[in-house]
Amino acid sequence: MTVATEPLAVDPMIAAAVDLARAAAVEMAGSEVGEHQGVRAEAELAGTHAFAASLAGYAGWHWAVTLVRAPDSEPTVAEVVLLPGDGALLAPAWTPWSERLQPGDLSPGDLLPVEPDDPRLVPAYVLSDDPQVEDVAFELGLGRVRVLSRFGRLESAERWYAGDSGPDTPMARQAPAHCGTCGFFLPLADSLRAAFGVCANEYVATDGRIVAVEFGCGAHSDTVVEVVEEDRGDIFEDDLIDVEANDEPGEEFAGREGLDEQLTENELPDAQLAAGELPGFPDDAAAEGPASDEDATVGTDPAAAE
């Protein structure tokens, strides 16, 4: 059962001491004290006056001046503080550096100590559930103090599997094949060998990075691009005329009979074919030249010949 309690009433002398409270706030904050916002009771003979704060960057904050008094005495200043009000702009809650640290925050020269009880690591002398881990716990000349725990291995595997090089990415879904069958895939050692490896293809974004066996990209070693030849149309031999050159002088047109047949197929005018004429070629008589002076006058004006 909840018993309702009446709110405390503000002491009249405390409520009337507005000037005393403002003077205390001005002494603390200077001219950054605004209008009086009210007073609330803290106890029977104690109360807090609120004044608006005009400080840059402190929107919604106020100056709180607490006054107290003894019975039959005047109020005195007990405390002056700057407090946030409803809707005030506040800094985010403080978190330890180990929780604020994000991947990529480590810069050259920075040190990142590991917590003594980091669950990702176990002492190397502790027997694990992975015989392969035990085999490499103390390499020859390189004894390691701590090695990955089962939790550390599983956490890493889940992060890599769900990352940009996992099987559920757009790149992997459109790849022609998986990394596990690629010639550029270098499997990891130990218990993670079956699920992850390192890409060794310098032309892709995952070069030198951990990739899942089920990841993939367009640069798979077995990718074959089909070359499609351009169709240039059909070329008919009937459209071409081959003229064999003859090295003997005076016999450049020895193959005239064959040319007649090819030019006939090209639909030369019937008058030219009937006369045995070929466009652009001299006839036999013209090719041999005039036999005598009389032959040279054939086709000229008779009057000129006389």
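Position numbers for residues start from 1 in each chain and track the written sequence from start to end. Only residues with pLDDT of 70 or above have their local features reported here, since the model is predicted, and side-chain atom pairs are shown and tallied only from 80 upward, although totals for entire chains, interfaces and linings are computed over all residues. Working from all heavy atoms in the structure, the side-chain values ignore hydrogens and water.

The protein goes by DUF3027 domain-containing protein in an unreviewed UniProt entry, where it is assigned to Jatrophihabitans lederbergiae.

Chemist: Summarise a nonpolar patch on the surface; cite the residues concerned and give the values.
Modeler: Within this analysis, patches are made of residues with over 30% relative accessible area and no salt bridge. Like charges are joined at 9 Å or less; nonpolar side chains (Val, Leu, Ile, Met, Phe, Trp, Tyr) at 5 Å or less. Note on areas: these come from Shrake-Rupley sampling with a 1.4 Å probe, and a residue is covered only by the protein chains present in the view. Here a salt bridge means any side-chain nitrogen of Lys or Arg lying within 4 Å of a carboxyl oxygen belonging to Asp or Glu. Among the surface-exposed residues, Trp97, Leu101, Leu106 and Leu112 lie close enough to one another that they form a single nonpolar patch of about 380 Å² accessible area. Each helix corresponds to a stretch of at least 4 residues labelled H or I by DSSP, and each strand to a stretch of at least 2 residues labelled E; elements are numbered beginning at the N terminus. Among the structural elements, Leu112 can be located in the loop between helix H3 (97-100) and strand S5 (121-123). The exposure class of Leu112 is partly exposed, given its relative accessible area of 43%. For the exposure calls, accessible area comes from a 1.4 Å probe over protein chains only, and a residue counts as buried if that area is under 20% of its type's maximum, exposed if over 50%, partly exposed in between.

Chemist: With reference to specific residues and values, describe the sheet that holds strand S11 (residues 210-212).
Modeler: Here, a strand pair is defined by DSSP locating no fewer than two bridges between the strands. Reading across the sheet, the 3 strands line up as S9-S10-S11 and stay open at both edges, with antiparallel pairing between neighbours. With partners counted over all chains shown, the strands left at the sheet margins are strand S9 (185-187) and S11, one partner each. Ignoring which end each strand starts from, the neighbouring axes of this sheet average 45 degrees apart. Note: S9 against strand S10 (residues 196-199), 3 bridges, orientation antiparallel. Residue pairing in the sheet places Phe185 in a bridge with Cys199 of S10. Note on geometry: axes are C-alpha line fits, over the in-contact stretch for helices, and angles between N-to-C directions span 0 to 180 degrees.

Chemist: Before we move on, can you summarise helix H2 (residues 18-29) with the specific residues and values?
Modeler: Helix length check: H2 (12 residues) gives 16 Å between terminal C-alpha atoms against 16 Å at 1.5 Å per residue, within 8%. Looking at the buried positions of H2, the neighbouring elements they touch are strand S1 (33-43), strand S2 (46-53), strand S3 (61-68) and strand S4 (76-84). Positive backbone phi, approximately 75 degrees, marks Gly30, located one or two places after H2. Given a helix with a known number of residues, its expected span is that number minus one, times 1.5 Å. By the convention used here, residues are in contact when the closest approach between their heavy atoms is within 4.5 Å.

Chemist: Please provide a residue-by-residue account of unusual backbone geometry, values included.
Modeler: Of note, Asp72 is a non-glycine position whose phi angle comes to about 60 degrees, a positive value. With respect to the helices, strands and loops of the structure, Asp72 is situated in the loop between S3 and S4. Residue classification places Asp72 among the exposed residues on the basis of a relative accessible area of 81%.

Chemist: Just give me the short version of the nonpolar core, but keep the residues and values in it.
Modeler: Ranked by internal contacts, the top residues of the largest apolar core, which has 14 residues, are Cys179, Phe185, Leu192, Phe196, Val211 and Phe215. Elements represented by at least two residues in this core include exactly S10 and S11. Setting aside residues no more than four positions away along its own chain, Phe215 makes contact with Asp164, Ser165, Gly166, Thr169, Met171, Ala172, Ala177, His178, Cys179 and Thr206. Formed by 13 residues, the second largest nonpolar core is a distinct cluster that contains Ile14, Phe51, Trp63 and Val80. Residue types Ala, Val, Leu, Ile, Met, Phe, Trp, Tyr and Cys, when buried and joined through side-chain atoms within 4.5 Å, form a set referred to as a nonpolar core.

Chemist: Residue-level account of the pairing of S10, with values.
Modeler: Taken together, the 3 bridges between S10 and S11 define a ladder with antiparallel strand orientation. Residue pairing in the sheet places Val198 in a bridge with Ile210 of S11.

Chemist: Explain the environment of Leu20 to me, using residue names and the numbers behind them.
Modeler: On the secondary structure map, Leu20 appears in helix H2. The class of Leu20 is partly exposed, set by a relative accessible area of 35%. Once the C-alpha coordinates of Leu20 and His49 are considered, the two residues, 29 residues apart in sequence, prove to be 9.9 Å apart.

Chemist: So what's going on with the sheet that holds S4? Residues and values would help.
Modeler: Spatially, the 4 strands line up as an open sheet ordered S1-S2-S3-S4, and their pairing is antiparallel. Of all the strands in the sheet, the pair left with one neighbour each is S1 and S4. Averaged over all neighbouring strand pairs, the angle between strand axes comes to 20 degrees, with direction disregarded. Summarising the sheet, S1 and S2 pair through 7 bridges and their orientation is antiparallel. Paired with His36 across the strands is Phe51, a residue of S2.

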